Amino acid sequence: MQQPNQRGFRQAQGPSPLAIRTKKNQLSSETYVRMALTEVWKREWWYALIPLVVLLLPAIFVFSWWWVAAAVLVTVLFVVLRSAQVQALAQHEQSKALFERVNFEIDQRHVLMKLNDKQGMNIPWEMIDRVHYKDGAYQLYLKTPENAEMPTGWRGWVARTFQVPMFLYLPTRIFNSPNDLKLFESMLRRKNLLPAEVKATPAAAA
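Criteria and thresholds
- Residues numbered from 1 in each chain as written.
- Predicted model: local features only at pLDDT ≥ 70, side-chain atom pairs only at ≥ 80, totals over all residues.
- Heavy atoms only, no water.
- Salt bridge = Lys/Arg side-chain N within 4 Å of Asp/Glu carboxyl O.
- Helix = DSSP H or I, 4+ residues; strand = E, 2+ residues; numbered from the N terminus.
- Pairing = 2+ DSSP bridges.
- Buried < 20%, exposed > 50% of the residue type's maximum accessible area, 1.4 Å probe, protein only.
- Contact = heavy atoms within 4.5 Å.
- Expected span 1.5 Å × (residues − 1).
- Arc of directions from axis to C-beta.

Looking up the protein in an unreviewed UniProt entry gives the name YcxB family protein, with the organism given as Hymenobacter guriensis.

Here it is as structure tokens:
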């Protein structure tokens, strides 16, 4: 049985002769935090309006700067805590494997992140929820835990409501040839993870 080390990597499996192999790449935790925060606040900006509106309602009937100050303070606190949640996940021990310098071996079974010839991490396709192509890179989003794996009570509600996106980051430049890039896109489409209209520029992989 393969045993994970402290960073989540296991003894690498033997290479598949049909696997797509990429060059090494590293996504820094700082870049991830910036990308994840942009995505989170594009989706959840209206959450910050809830405490602002709720605490400003009393000021409509009996105006007081205390209500205004409280509304602004709670809104800012919410934004800070939500952003800190994203940053904390990037520093979590179980997430560090996503920020190592690795190359990828991709086949019909899984995406294998290889730290070296002896250590790798298998990501089965069943763990991939969706794929986005943006700014010359593929973002393979990992599925969120099932409800049964979530904490109970208010912690579970917070975990389900304020999820943090986790993804593998594969720039087109790490593919060794335009043909590898086309094969990868074809594989994603067969697995219904990439819309048919999305197409990377083959020259980017040259």
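Right, let's talk about the pattern of salt bridges for a bit. Tallied over the entire structure, the rule returns 9 salt bridges. For arginine 189, the salt bridge is made with glutamate 185, and the minimal N-O distance between the two is 3.8 Å. Taken together, the positions of arginine 189 and glutamate 185, both in helix α5 (residues 178-190) and 4 residues apart, correspond to about one turn of that helix.

Moving on: the pairing of strand β5 (residues 119-124). Note that strand β4 (residues 110-114) and β5 share 5 bridges and pair antiparallel. Bridging across to β5, lysine 114 finds its partner in glycine 120.

Position of isoleucine 106 relative to the elements: it lies in strand β3 (residues 103-106). In this structure isoleucine 106 comes out as buried when scored by relative accessible area, which is 0%. For the pair isoleucine 106 and tryptophan 125, spaced 19 residues apart in sequence, the C-alpha to C-alpha distance is 9.9 Å. Not counting the four nearest positions on each side in its chain, isoleucine 106 is found in contact with Leu18, Ala19, Ile20, Thr22, Val111, Trp125, Leu170, Phe184 and Met187.

This part covers α5. For α5, spanning 13 residues, the distance from its first C-alpha to its last is 18 Å, which sits close to the expected 18 Å at 1.5 Å a residue. For α5, the full list of buried residues reads Asp180, Leu181, Phe184, Glu185, Met187 and Leu188. Taken down its axis, α5 places every buried residue within 160° of arc, on the same side. Its buried side turned inward, α5 meets β2 (20-21), β3, β6 (128-134), β7 (137-142) and β8 (167-171). Phi turns positive one or two residues past the end of α5, at asparagine 192, with a value near 60°.

Bridge count between β6 and β7: 6 bridges; the pairing is antiparallel. What sits directly across from valine 131, in β7, is leucine 140. Once β6 ends, the chain turns through 2 residues before running back antiparallel as β7, passing aspartate 135 with a positive phi of about 50°.

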